[in-house]
Every structure is written in C-alpha cells, then in structure tokens.
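A structural walkthrough
Letter by letter, the chains look like this.
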Amino acid sequence: MITSDVSFVHANHLNGYPMLRLLQRQSRGCVYSSVHSFNQQEVREKLQAFPGGSVDLLKQESGIAVLTINNPSRMNAFTGSMMVDLEERVSQLEGWADGKGLIVQGAAGTFCSGSDLNAVRAISNPQDGMKMCIFMQDALTRLLRLPLISVALVEGRALGGGAELTTACDFRLMASGSVIQFVHKHMGLVPGWGGAARLVRIVGSQDALKLLGGALKVDPEVGLADWTGRWTSGGPPDRVIRAVKKVVLSGRELPLSEALRTEKDVFGTVWGAPANLRALASKSKHK
Ligand SMILES: CCCC(=O)SCCNC(=O)CCNC(=O)[C@H](O)C(C)(C)COP(=O)(O)OP(=O)(O)OC[C@H]1O[C@@H](n2cnc3c(N)ncnc32)[C@H](O)[C@@H]1OP(=O)(O)O
C-alpha cells in the first residue's frame, strides 16, 4: 500500500531524530524506498525502455541552475528515459552546495505536454502505471524539497504531467499566451505525480477541484502563477537563501511545534554568521 511520505517524517520523529537533521535527510535520496517495497532500480530499467529526449541541467556560477525539459518533436512530453534523467538531475542538484536558485523550463518555446502518450499506451496496466507514478512522485517531491528557490518558467503549454511539474516549483511564471492545464480528466486520469496534493496546498481545495474537475486553463487570478520579485539578482548569499527555503519547507510539511523547533535550529545557523555580521557592520547608524 502507498501511504503519504508525511508518515515517514512522523515515524522517524518518534525514534528521536532531531528535526533539522531529518529534513536534511529527507531532502536527499528516495522518498519511498525505506518504507515501501519500491525498487527504484527496477523501475529505472523499465522506464529506459522508452527512450527519446533529455532533461538537461546547467549549473551556473551565479548559483542559479537551469533545468530544461527537452523533447521538442513531442512538445517536450516526458519519455521514460527523460523521467530517469529528471531523477538524476535532481540528485545532482541535491549535492550542489553552492546553489541558491533553479529555473525549470521547456525547450523550444513550450513547457511540457505531460507523459509521452506512446509510453503511456505501452505501460497502460495498473502495476506499471503505479511504479511510474511512485518514481515521478519521488523525483518531484525531492525537486520541491531542494534547498533552492525554484521557478517554473512557463512558455507555451504545460499540460497534464507538465502542469504537475509546475507545482513542484516554489513559483510559476507564465509568459503571455502560455497555458497551464491539468488535462488529466480528458485522458480519464487524475494527477499521479503528486500534482493534486501540491495543487491543493497552493490554491486550496475549492480552486483545485475547479482546475482538476473542469480541466480549466489556469486563470492567473487563481493564484497558481506568481511574480517572484528580485530573488535571483544580487540579494543575500546562498546560505541565507537555503536557510529561507528550509524554514518554509518545515513550516509547510511539519506540525507547528516541530516547525518552530526547526526554525529555531536554522536561525542558529545564520545568527552571528558572516552574512549577518556583514549586514550589522553596514548599519553604521546603529553601532
Ligand atoms: C500523470 C501524467 C498524465 C499525463 O501527462 S497524460 C498526457 C497529457 N497530455 C496530453 O494529453 C497532451 C497531448 N497532446 C496534445 O493535446 C497536443 O499535441 C498539443 C500539446 C495540444 C499540441 O497540439 P498541436 O499544436 O496541434 O501539435 P500536435 O498535436 O501536432 O503535436 C506536435 C507533435 O507532438 C506530439 N505530442 C504532443 N504531445 C504529446 C504527448 N503528450 N506524447 C507524445 N507525443 C506528443 C504530437 O503527437 C505531434 O507529433 P507528430 O508531429 O504527429 O509526430
């Protein structure tokens, strides 16, 4: 049986893990592996049987990485090998100590048209579908938990799994004329890559019902798309950005008392640290 990864957090807490360490641990490695009988390697091999396209990662010196969904001849649909690529790129980002931001985009002027329907057809039995679903839930949960501030840059269409991918980022920026649409209903499906759970947390259950039940095109008024402000240029050092992400993540995923403890622990890592001391020194009026 598949249960929420939240139960994983609580089970470990009962065993006495400090929360900060737990969140750090949780943001690396497979979300399902220790609790569920999910063999990631076996699924990876199955998915590799559906090749085509790539997911490319460019880590820049600025600390901002760009992740590109690249399969233009199929409107950037996810083939099986691209799902494996995605998981590998997320692992690389988990190990990137100097990062502070991530832009997720599609190649050639469109975002992503979801699962490759050729692969979907070939694995349309429930067992294989569930395995693919767990694999993608794991990869996208870990993407959302990266200690980087992430933005889905949506140009053109983000459909089905492509719409789900946008919810695995902290923010969504939509170019004019672009579309985010959970078209699953038209395919006789519901989201399976964690997109429903994340959507409810972003827009609330009523708007999530409208977007999923009506397969509506996202109206910017609904609050799924955002304007991200100035976080990419200048601003505080990587370490502070990563700390910001950590307190927001704990606020979102942990019960209040545990989130407060995590916030205190993270606060302890930035208080009196070089960036804090530099900022204090620059406030000459308050010496
Ligand atoms: C849990 C995940 C669930 C899912 O993601 S289910 C998949 C949900 N996605 C969809 O249903 C989108 C299916 N595609 C479409 O509706 C249309 O192709 C789309 C994206 C609106 C674009 O329409 P048009 O601009 O008219 O272009 P087109 O249809 O000729 O497409 C250009 C080429 O791209 C291909 N393509 C687009 N989306 C694809 C997909 N998801 N899987 C496989 N191939 C796909 C399409 O077949 C066409 O290829 P070709 O030129 O005929 O060889």
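About the criteria used
Residues numbered from 1 in each chain as written. Predicted model: local features only at pLDDT ≥ 70, side-chain atom pairs only at ≥ 80, totals over all residues. Heavy atoms only, no water. Axes fitted to C-alpha atoms, helices over the stretch in contact; angles between N-to-C directions. Helix = DSSP H or I, 4+ residues; strand = E, 2+ residues; numbered from the N terminus. Parallel < 35°, antiparallel > 145°, perpendicular 65-115°, else oblique. Contact = heavy atoms within 4.5 Å. Nonpolar A, V, L, I, M, F, W, Y, C, P; charged D, E, K, R; others polar. Near = heavy atom within 4 Å. Polar contact = N/O pair within 3.5 Å; in protein donor to acceptor, adjacent residues only side chain to side chain. Areas by Shrake-Rupley, 256 points an atom, 1.4 Å probe, with all protein chains shown as cover. Pairing = 2+ DSSP bridges. Disulfide = S-S within 2.5 Å. Patch = residues over 30% accessible without salt bridge, like charges linked within 9 Å, V, L, I, M, F, W, Y side chains within 5 Å. Salt bridge = Lys/Arg side-chain N within 4 Å of Asp/Glu carboxyl O. Buried < 20%, exposed > 50% of the residue type's maximum accessible area, 1.4 Å probe, protein only. pLDDT = per-residue confidence, 0-100. Expected span 1.5 Å × (residues − 1). Core = buried A, V, L, I, M, F, W, Y, C linked by side-chain atoms within 4.5 Å.

Viewed as axis vectors pointing N to C, helix H10 (residues 238-253) and helix H11 (residues 256-270) meet at an angle of 170 degrees, and their least axial separation amounts to 9 Å. Relative to H11, H10 is oriented roughly antiparallel. For the pair H10 and H11, the contacting residues are Arg-239, Ala-243, Lys-246, Val-247, Ser-250 and Gly-251 in the first and Ala-259, Thr-262, Glu-263, Val-266, Thr-269 and Val-270 in the second. Across the contact of H10 with H11, the residue classes break down as five nonpolar, four polar and three charged.

Looking at the ligand, there are 18 residues lining it, with Ser-73, Ser-113, Ser-115, Leu-117 and Gly-161 nearest. At 3.3 Å, a backbone N or O of Ser-73 approaches an oxygen atom of the ligand. In the complex, 59% of the free accessible area of the ligand, which totals 960 Å², lies under the protein chains. Sorting the residues of the shell around the ligand by element identifies strand S5 (157-159) and helix H7 (161-167) as the ones contributing at least two each.

Here we take up the sheet that holds strand S1 (residues 54-59). Spatially, the five strands line up as an open sheet ordered S1-S2-S3-S4-S6, and their pairing is mixed. Unpaired on one side and paired on the other, S1 and strand S6 (171-174) mark the two borders of the sheet. Averaged over all pairs of adjacent strands, the angle between strand axes in this sheet comes to 20 degrees, irrespective of strand direction. Both S1 and strand S2 (residues 64-70) contribute to a ladder of six bridges, which runs antiparallel. Its bridge partner being in S2, Asp-56 is matched across the sheet by Thr-68. Here helix H4 (residues 80-94) sits on the sheet in contact with S1, S2 and strand S3 (101-106), set at roughly 20 degrees to S1.

Scanning the entire structure with this criterion turns up zero disulfides. The cysteine Cys-112 is free of any disulfide, with Cys-169 supplying the nearest cysteine sulfur at 11 Å.

Where nonpolar side chains cluster on the molecular surface, the patch consists of Leu-117, Met-187 and Leu-189 and spans about 280 Å² of accessible area. With respect to the helices and strands, the residue Leu-189 is situated in the loop between strand S7 (179-181) and helix H8 (195-203). Take Leu-189: its relative accessible area is 47%, and that puts it in the partly exposed class.

With that out of the way, let us pick up the pattern of salt bridges. Using the criterion set out here, one finds 11 salt bridges in the structure. Close ionic contact of Glu-87 with Arg-44 constitutes a salt bridge, the shortest N to O distance being 2.5 Å. One end of the pair, Glu-87, is in helix H4; the other, Arg-44, is in helix H3 (residues 40-47), with 43 residues separating them in the sequence. Per residue, the accessibility class of Glu-87 equals that of Arg-44, and both read buried. Here Glu-253 ties to Arg-145 by a salt bridge, and the two come within 2.9 Å at their closest N and O atoms. One end of the pair, Glu-253, is in helix H10; the other, Arg-145, is in the loop between helix H6 (126-144) and strand S4 (149-154), with 108 residues separating them in the sequence.

All right, on to the confidence of the model for the protein then. Considering every residue of the protein, the mean pLDDT works out to 83; 81% of them sit at 70 or more. In this model, residues 1-20 is a region of pLDDT below 50 whose contacts with residues beyond four sequence positions or in other chains number 34 contacts. Both scores are available for the predicted complex, with the pTM at 0.85 and the ipTM at 0.99.

Its 16 residues place the ends of H10 22 Å apart at the C-alpha level, agreeing with the 22 Å of an ideal helix rising 1.5 Å per residue. Among the residues of H10, those classed as buried are Ile-241, Arg-242, Ala-243, Lys-245, Leu-249, Ser-250 and Glu-253.

This brings us to the nonpolar core. Ranked by size, the top nonpolar core spans 45 residues in total, and within it Phe-78, Leu-86, Leu-102 and Leu-143 carry the most contacts. It is H6 that provides the largest number of residues to this core, a total of seven residues. Ignoring sequence-local partners within four residues, the contact set of Phe-78 consists of Val-55, Ile-69, Met-83, Leu-86, Cys-112, Gly-114, Ser-115, Asp-116, Met-136, Leu-165 and Trp-193.

Turning our eyes to something else, we now look at the side chain of Thr-167. Structurally, Thr-167 can be placed in helix H7. Thr-167 sits in the buried class, given a relative accessible area of 1%.

Further remarks concern the environment of Gln-48. Relative to the assigned elements, Gln-48 resides in the loop between H3 and S1. Sequence-wise, Gln-48 and Ser-81 are 33 residues apart; in three dimensions their C-alpha atoms are separated by 4.6 Å. Residue contacts for Gln-48: discarding those within four places in its chain leaves Ser-81 and Val-84.

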